[in-house]
Amino acid sequence: MNQNLASNLLTQLQGIVGADGLILDDDLRNFYSTDIRGKCETTMAIVQPGSVNELQAVVAASAAANVAVVPRGGGASYSSGYAINTPASITLDMSKLNRILEVNKTNSTVTVEAGVTWEALNKKLTGCSLRTPFYGPFSGGIATIGGSLAQHAASLGSAGFGISADSVLNLDVVAGDGTLISTGSKSAVDGINFFRYFGPDLTGIFLGDCGALGIKARITLRLMPRRAYRSFLSFSFESFEQLADGMASVARLGVADCCFGNDPTCLEQMMRAQDTSIEAGKIIAKAVFADAPNPVAGAWRLSKMVLTGQSFLKKAGYTCHVICDGHSHAEVRQKLALARKAASRYGRKIPNTIPMVISSNPYFSIPQPMAEEIRRGIPQHGVVPFDRVKELHGKIQSLYNKYKKDMQSYDVRTETMFSAISTHAFLYEPVLTWADTPSEFHAHYFRKEFAGIAISAKENPNGRELVAQLQTETARIFSDIGAINFQLGKTYPFWERYQEDSKPLLLALKATLDPKGILNPGALGLPA
Ligand SMILES: Cc1cc2nc3c(=O)[nH]c(=O)nc-3n(C[C@H](O)[C@H](O)[C@H](O)COP(=O)(O)OP(=O)(O)OC[C@H]3O[C@@H](n4cnc5c(N)ncnc54)[C@H](O)[C@@H]3O)c2cc1C
């Protein structure tokens, strides 16, 4: 881009967001252009609007200058969603749009700015004995509500209430020319934000769009009472097939709030990565105690955890963990009994430490290095109906068998996580890890958290190359089996898989909402 035009735009943007809201520092521009997967181009500037008016003005000015606008929430996604494709781009950092605007207890709605994190929202709502049905990905300590809606997120509350999109009522979205579009009941003249549908579902077209159709500015979510009683179940299975049957049986009943699982390697890794310091133990104990409905239950949970220890996990094999909640002990007991009966046909019950700890402290931070080794890891996922799960697993295992020797040579390992989504879908998430130096993304967090600790690790280019190959083949397996993917970003083959007859509609939407094609170019694989 012409230097004069670029500096004119930057001056204009500084006029809109102030000197504090325009970041030109090289290290930060580099970091904001990088996700766990890596980096393409470097952003020209990081722009932080502090209000929706500023957000609109930033988009309008960038459109006039033909400069791409790439939104970034918490930056916790790993499919190049906010990667910079073209050098004439700015990164729109949503972190200052972080106000919880209204908790409306009468109407059971909450309206937030898009940069609010799930953890911040959950903290506020817990104080009012409320929750959103879906209450975040495990990365919710940094992941924003806007970023999660842009690419769909699953996990907390997903067995009971589906994914992020299923909790959304209305949106205010900034289109590619800076205009503000309201959806659902709010799209009527003087409309109120309380209902998803008013005519065609325009809210839906902006969910899972990866920011290619609009920038989510304000979001209204549905609320429900936070159920005071919660209890947990864990099961161990001898094979993946038994785990899949067990999880599907529990999910189909619709009694679980969360239902997730791990393969043995993933469990082992979780145990190794866990902070075993006394300080960390105290934090968990405090959280478990606070999560219990009363002090007696809190003391009971803690003593059970201490007595049980963790050694049982060493031989647990495939494990599945269930969280059930309700308005009374009786309701929770009934749900647990149903889930126990369903899963016991395939596996055996084990102590419920994992779901108890996760329920009390559900939001993880970016994984930190372990003293003895640095491993990079990139997750991938596919969502399938229950009747395709075993076939999918078989194909992924055949792939790993094909590359077994290379994986051993280059120290590439796999671990897999599973999640039930509502009563009808299974999320299969293999993570490939390999010994390597920290990626630029991780190094940023290490610098902050591990200042002063020397990190020694060797470059592993062969490992990286092998992981890239395995990921390409895994994505193909997902496509061939009919899996869908959530965080499509610029990585998963979405556009290639889209039916020819459906393509013109999506292209027409893109052309109308973003006539200059400045919104997150390359997202969803849409043609320029
Ligand atoms: C430790 C860890 C645990 C994780 N656990 C889960 C999990 O349990 N479930 C899960 O689904 N995922 C999980 N993830 C992946 C990821 O964190 C989530 O998908 C999360 O929702 C991303 O939110 P974010 O704010 O970080 O989005 P970002 O990574 O910042 O952005 C994601 C996409 O949304 C776009 N975008 C961001 N904000 C907006 C906006 N306001 N308007 C329009 N577009 C926007 C970006 O351009 C990008 O394409 C995990 C990641 C990590 C590192």
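In case you missed it, the structure is sitting above this.
Summary of the structure given here.

About the criteria used
Residues numbered from 1 in each chain as written. Predicted model: local features only at pLDDT ≥ 70, side-chain atom pairs only at ≥ 80, totals over all residues. Heavy atoms only, no water. Near = heavy atom within 4 Å. Polar contact = N/O pair within 3.5 Å; in protein donor to acceptor, adjacent residues only side chain to side chain. Areas by Shrake-Rupley, 256 points an atom, 1.4 Å probe, with all protein chains shown as cover. Helix = DSSP H or I, 4+ residues; strand = E, 2+ residues; numbered from the N terminus. Domains from an automatic or database assignment. Contact = heavy atoms within 4.5 Å. Salt bridge = Lys/Arg side-chain N within 4 Å of Asp/Glu carboxyl O. Buried < 20%, exposed > 50% of the residue type's maximum accessible area, 1.4 Å probe, protein only. Core = buried A, V, L, I, M, F, W, Y, C linked by side-chain atoms within 4.5 Å. Phe/Tyr/Trp six-rings, centres within 6.5 Å; stacked < 30°, edge-to-face > 60°. Lys NZ or Arg CZ within 6 Å of the ring centre and 35° of its normal.

## So, the site of the ligand
Close to the ligand lie 36 residues, the nearest being Pro71, Ser77, Ser139, Ala154 and Ser155. Contact between the ligand and Gly81: an oxygen atom at 3.1 Å from a main-chain N or O atom of the residue. Ser148 is positioned such that a nitrogen or oxygen atom in its side chain is 2.6 Å from an oxygen atom of the ligand. Its free accessible area being 980 Å², the ligand has 94% of it covered by the protein chains. No other element matches helix α5 (residues 145–151), which puts 5 residues into the shell around the ligand. Looking at which domains feed residues into the shell around the ligand, each of domain 1 (3–96) and domain 2 (100–225) supplies at least three.

## Some words on the side chain of His381
Looking at where His381 falls in the secondary structure, it is placed in the loop between β18 (375–379) and β19 (382–384). Not counting chain neighbours up to four residues away, the residues in contact with His381 comprise Leu427, Tyr428, Glu429, Pro430, Phe478, Asn485, Phe486, Gln487 and Tyr492.

## Describing the pattern of salt bridges
Per the stated rule, a full pass over the model turns up 20 salt bridges. When the shortest N-O distance is used, the salt bridge between Lys186 and Asp172 registers 2.8 Å. Pair noted here: Lys186 is in the loop between β11 (180–182) and α7 (202–205) and Asp172 is in strand β10 (residues 168–174), with a separation of 14 residues, a long-range link. A residue is classified by how much of its surface remains accessible, and Lys186, at 25% relative accessible area, is partly exposed. With a relative accessible area of 3%, Asp172 lands in the buried category. For Glu459, the salt bridge is made with Arg464, and the minimal N-O distance between the two is 2.5 Å. The class for Arg464 is partly exposed, based on a relative accessible area of 28%.

## Concerning the side chain of Ser79
Residue placement: Ser79 occurs in the loop between β5 (68–72) and β6 (89–93). Among the polar contacts made by the side chain of Ser79, one reaches the main-chain carbonyl oxygen of Gln487 at a distance of 2.7 Å. Residues within four places of Ser79 in sequence aside, it is in contact with Asp35, Arg37, Gln151, Gln487, Leu488, Gly489, Lys490, Thr491 and Tyr492.

## A short note on the environment of Gln242
Here Gln242 lies in helix α8 (residues 240–253). Sequence spacing of Gln242 and Lys390 is 148 residues, and the spatial spacing of their C-alpha atoms is 9.7 Å.

## Quick word on the nonpolar core
Counting 71 residues, the largest nonpolar core has Leu13, Leu55, Ile145 and Ile215 as the members making the most contacts within it. Setting aside anything within four residues of it in sequence, one finds Ile215 in contact with Leu55, Val59, Val69, Pro71, Leu92, Met94, Asp172, Val173, Val174 and Leu519. Membership of the second largest hydrophobic core comes to 58 residues, among which are Ile23, Val384, Ala420 and Tyr445.

## Structural notes on the packing of aromatic side chains
Two numbers describe a pair of aromatic rings. These are the distance of the centres and the angle of the planes. By the definition in use, this model includes 15 aromatic pairs. Seen from their ring centres, Phe31 and Phe441 are 5.8 Å apart, and the 25° between their planes marks the pair as stacked. Linking Phe31 in helix α2 (residues 26–32) with Phe441 in helix α16 (residues 440–449), this pair joins segments that are 410 residues apart in sequence. Here Phe31 and Phe441 have matching classes, each one buried. Three or more aromatic residues link up through ring pairs in this structure, and these residues are Phe240, Tyr318, Phe418, Phe426 and Tyr428. Positioned over the ring face of Tyr32 is Arg72, at 4.4 Å from the centre of the ring.

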